[in-house]
Amino acid sequence: ALAALVAATTAPATAQNYDERPAKMAPRDVGYDYVRKVVEIPMRDGVKLHTVIIVPKGAKDAGILMTRTPYDADGQTKVDSGTYAGILEHGDGAGDVIAAAGYIRVIQDVRGMHASEGIYMMNPARAGTAQNPTKTDDSTDTYDTIDWLVKHVPESNGRVGISGISYDGFLPLMALINPHPALKVSVPMNPMVDGWRGDDWFHNGAFREGMMPYILGQEATKDAGTPWITDTADDYDYYLKGGSAGAIGKAQGLEQLGFWRKITQHPAYDSFWSSQAMDTVLAGQPLKVPTLIVGGLWDQEDIYGAPAVYRALEPKDTANDMVYLSMGPWYHGQEVRDGSALGAVKWDADTAKWWRWHVLAPFLAHYLKSDQPAMDVAPVTMFQSGRNEWQKLDKWPTAPAAGTPLYLKPGGALGFQTTGGAATTADYISDPAAPVSYRVRPTLPTYASGSTWKQWLVDDQRAVSGRPDVLTFTTDALTTPTTVAGVPEVNLTASTSGTDSDWVVKLIDVYPDVNPGDKAMAGYQLSVAMDIFRGRYREDLAVAKPIAANVPLKYKFALPTTNHVFLPGHKIMVQVQSSWFPLYDRNPQTFVPNIFFAQPKDYVRATQKVTVSGADESFISLPLVR
Ligand code: PG9
């Protein structure tokens, strides 16, 4: 009996569970004014796409606003708020406008990302092409999703819109190809349109190696969770010691990724890139869905796409009522955040909030609400920096098609009169061992915490204007306002002692040294348009050719869209340099077939000479409004 008693009192407490945590917490209903449903929507090939649908409680006859994304639909609709307005805060959209209108919000993982099935392609080619011989693409997936939504969401009025920023802004463009009849409106914001000409991957052939961590993260695993690991505090050091972009990619394991292999195999603007450029693709499609194209004048990721799509589609819009353009003084996607300032530059008001309530909200309402309320949205709504006011316009650009030359002159001068006389040059040495940094160092990895990457396009260019390898040309102080509205075009005549070279040209507003209204901006050098051109593509973007050493040659390329007033007392400045590191990989300055795989011996110093007088004097053709 004693043994039985001992056994009973020392027996392990298996029968009784003292753990206070439930084996699995049952979902709670914390959507006080919304219902969040998760569905796996089948596409035409059977692949299921993970889709979150948020319906405001009591909704009926409501429009649907959809975003398709590679950036985690569950994460973007994380239940950390009990209110509909709160849960929309993380999404890639204007949560305030969407919540106030009471649209049904749909966010879907694209094929192959996060919780959706199927394969992933970074720059997803259209179905039936060499890059994508399957029968599905983002156009068919959008179609199939809309078809399912209008049949399965009883609270909806059958009117669907699509919007999103960047990658999620490229997808509203794909939606325009063979659109579903229920697609009533598309709002591509900061869309990635042409990854070679001027959006994420290259600018005019110069590779943006600062995007390599993104490629690794996005493509290595479905949950986009692979970190880019370095051993330096400053990316400048990391990329400099790493050598070519190809060598750095190899060290980081990028060669395992299909998109990296494609990028490194297609450094030129061959049909891989030109066939997927969304501006040309859409130019060949009928215009069926009203589209509001949204861009940022200082978009550090996709500055090319929005005005390029507008340029391609506008000629088809004969009644001027299908294709709308809006550009604000914003970094990439700032239109859905606070738009009062960008870096040090203040705009005198919250430009993003104004735009959301005066342009986006009425535009969406007109096409998504059942009663289609009238709207007063101009075909073009552009922010004019300098004067800091919105303009409502019929067409863009407002400058005449023929630009006004602004000449680079001897002695660092800049002016609207040619110098004439004999050809003379302004010279510098470009050294790939000490490239011009694109920002004040240390340069943090693009998306690292603490990185101010978003605002780099408005950085004060005084940071580099004293360098001996940066040429600077400046006008006298202006006596009248000088307005540019459109695309400035670089017309550089220059030679290099190498056989390949990059040319970076910046159009800058120099603030007065005494600037009582805003002392932080005294003497500030604010770039209003700048870009890079890889010299090997001088004759043909599709075919790299060596540059004849020491021969003055012409380089012609467009800068990004600007809408700016240089105020009296300000000066106009142009800067020229040959590297922009480490955002852009270094040009070795020796011609090699593929710069991704340049060898250490190929990186050589070069003497650069820019022609500043004579018949071939360099100039910027300004979109001057007289
Ligand atoms: N700029 C990012 C991106 C777009 C498209 C392709 C790759 C990257 C983005 O913000 O989504």
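How each quantity is defined
- Residues numbered from 1 in each chain as written.
- Predicted model: local features only at pLDDT ≥ 70, side-chain atom pairs only at ≥ 80, totals over all residues.
- Heavy atoms only, no water.
- Helix = DSSP H or I, 4+ residues; strand = E, 2+ residues; numbered from the N terminus.
- Rg over C-alpha atoms; globule rule 2.2 N^0.38 Å.
- Buried < 20%, exposed > 50% of the residue type's maximum accessible area, 1.4 Å probe, protein only.
- Contact = heavy atoms within 4.5 Å.
- Lys, Arg positive; Asp, Glu negative; His and termini not counted.
- Charge placed at Lys NZ, Arg CZ, Asp CG, Glu CD.
- pLDDT = per-residue confidence, 0-100.
- Salt bridge = Lys/Arg side-chain N within 4 Å of Asp/Glu carboxyl O.
- Pairing = 2+ DSSP bridges.
- Axes fitted to C-alpha atoms, helices over the stretch in contact; angles between N-to-C directions.
- Near = heavy atom within 4 Å.
- Polar contact = N/O pair within 3.5 Å; in protein donor to acceptor, adjacent residues only side chain to side chain.
- Areas by Shrake-Rupley, 256 points an atom, 1.4 Å probe, with all protein chains shown as cover.
- Phe/Tyr/Trp six-rings, centres within 6.5 Å; stacked < 30°, edge-to-face > 60°.

### A look at the overall build of the protein
Next, step 1: Of regular secondary structure, the protein possesses 15 helices and 28 strands.
Next, step 2: Against the globule reference of 25 Å for 626 residues, the protein gives a C-alpha radius of gyration of 27 Å, in line with a compact fold.
Next, step 3: Taken across its 626 residues, the protein has 59% of its residues classed as buried.
Next, step 4: Within the protein, contacts between residues at least 6 apart in sequence are counted, and of these 75% link residues at least 24 apart.
Next, step 5: Taking the average location of the 56 positive side-chain charges in the protein and that of its 68 negative ones, the two points are 2 Å from each other.

### Focus: the confidence of the model for the protein
Next, step 1: On average, residues of the protein score 96 in pLDDT, and 98% of them are at 70 or above.
Next, step 2: We note a pTM of 0.96 for the whole complex and an ipTM of 0.95 for its interfaces.

### Regarding the pattern of salt bridges
Next, step 1: This model, assessed by the stated rule, comprises 27 salt bridges.
Next, step 2: Put simply, Asp-141 and Arg-111 hold a salt bridge, and the shortest N to O gap is 2.6 Å. Of the two residues, Asp-141 sits in helix α5 (residues 138–152) while Arg-111 sits in the loop between β4 (104–109) and α5, which places them 30 residues apart along the sequence. Of the two residues, Asp-141 and Arg-111, both sit in the buried class.
Next, step 3: One salt bridge connects Lys-346 with Asp-518, and the closest N-O pair in it is separated by 3.4 Å. With Lys-346 in strand β12 (residues 345–346) and Asp-518 in the loop between β21 (502–510) and β22 (525–534), this residue pair connects regions lying 172 residues apart in the sequence.

### Thoughts on the sheet that holds strand β24 (residues 562–566)
Next, step 1: Read from one edge of the open sheet, three strands run β24-β19-β28, paired in antiparallel fashion. Two strands bound the open sheet, and with one partner strand each, they are β24 and β28 (624–625).
Next, step 2: Bridging between strand β19 (residues 482–486) and β24 involves five bridges; their strand directions are antiparallel. In the sheet register, Val-484 faces β24, and the bridge partner there is His-564.

### Brief notes about the pairing of strand β17 (residues 425–430)
Next, step 1: Here β17 shows a clear split, with Ala-426, Tyr-428 and Ser-430 buried on one side and none of Thr-425, Asp-427 and Ile-429 buried on the other.
Next, step 2: Sheet topology places β17 next to strand β26 (residues 606–611); six bridges connect them, and they run antiparallel. Note that in β26 the partner of Tyr-428 across the bridge is Gln-608.

### Considering the sheet that holds strand β14 (residues 389–393)
Next, step 1: Within the open sheet, the ten strands sit side by side as β1-β2-β4-β3-β5-β6-β9-β10-β13-β14. Their pairing is mixed. Looking at the sheet topology across the chains shown, the edges are occupied by β1 (34–42) and β14. Sheet twist, expressed as the mean angle between neighbouring strand axes with direction ignored, is 20°.
Next, step 2: Of the strand pairs in this sheet, strand β6 (residues 183–189) and strand β9 (residues 291–296) are connected by two bridges, and their pairing is parallel. Following the sheet pairing, Ser-186 is matched in β9 by Thr-291.
Next, step 3: Each of β3 (62–69), β5 (156–165), β6, β9, β10 (323–328), β13 (380–384) and β14 touches helix α14 (residues 351–368); the most contacted strand, β6, lies at about 160° to it.

### Re the site of the ligand
Next, step 1: Residues in contact with the ligand, as listed here, are Tyr-71, Ser-166, Tyr-167, Met-192, Asp-200, Trp-201, Tyr-214, Glu-301, Asp-302 and His-332.
Next, step 2: Note that an oxygen atom of the ligand is positioned 2.4 Å from one of the side-chain N or O atoms of Tyr-71.
Next, step 3: A distance of 2.7 Å separates a nitrogen atom of the ligand from a polar atom in the side chain of Asp-200.
Next, step 4: If the ligand stood free it would expose 300 Å²; the protein chains cover 95% of that surface.

### Observations concerning the environment of Pro-315
Next, step 1: Its place among the elements puts Pro-315 in the loop between α13 (305–313) and β10.
Next, step 2: Pro-315 sits in the exposed class, given a relative accessible area of 62%.
Next, step 3: Sequence-wise, Pro-315 and Ala-283 are 32 residues apart; in three dimensions their C-alpha atoms are separated by 9.1 Å.

### Overview of the environment of Val-55
Next, step 1: Take Val-55: it is sitting in strand β2 (residues 48–56).
Next, step 2: On the basis of relative accessibility, which here comes to 3%, the residue Val-55 falls in the buried class.
Next, step 3: Among all residues touching Val-55, those that are not within four sequence positions of it are Tyr-34, Val-35, Lys-37, Ile-104 and Glu-155.

### With respect to the packing of aromatic side chains
How two aromatic rings sit relative to each other is given by the distance of their centres and the angle of their planes.
Next, step 1: Scanning the model with the defined rule gives 36 aromatic pairs in all.
Next, step 2: The interplanar angle of 40° and the centroid separation of 5.0 Å between the aromatic rings of Trp-196 and Tyr-269 together place this pair among those described as tilted. You can see Trp-196 sitting in the loop between β6 and β7 (202–203) and its partner Tyr-269 sitting in the loop between α10 (258–265) and α11 (271–274), a full 73 residues away along the chain. Here Trp-196 and Tyr-269 have matching classes, each one buried.

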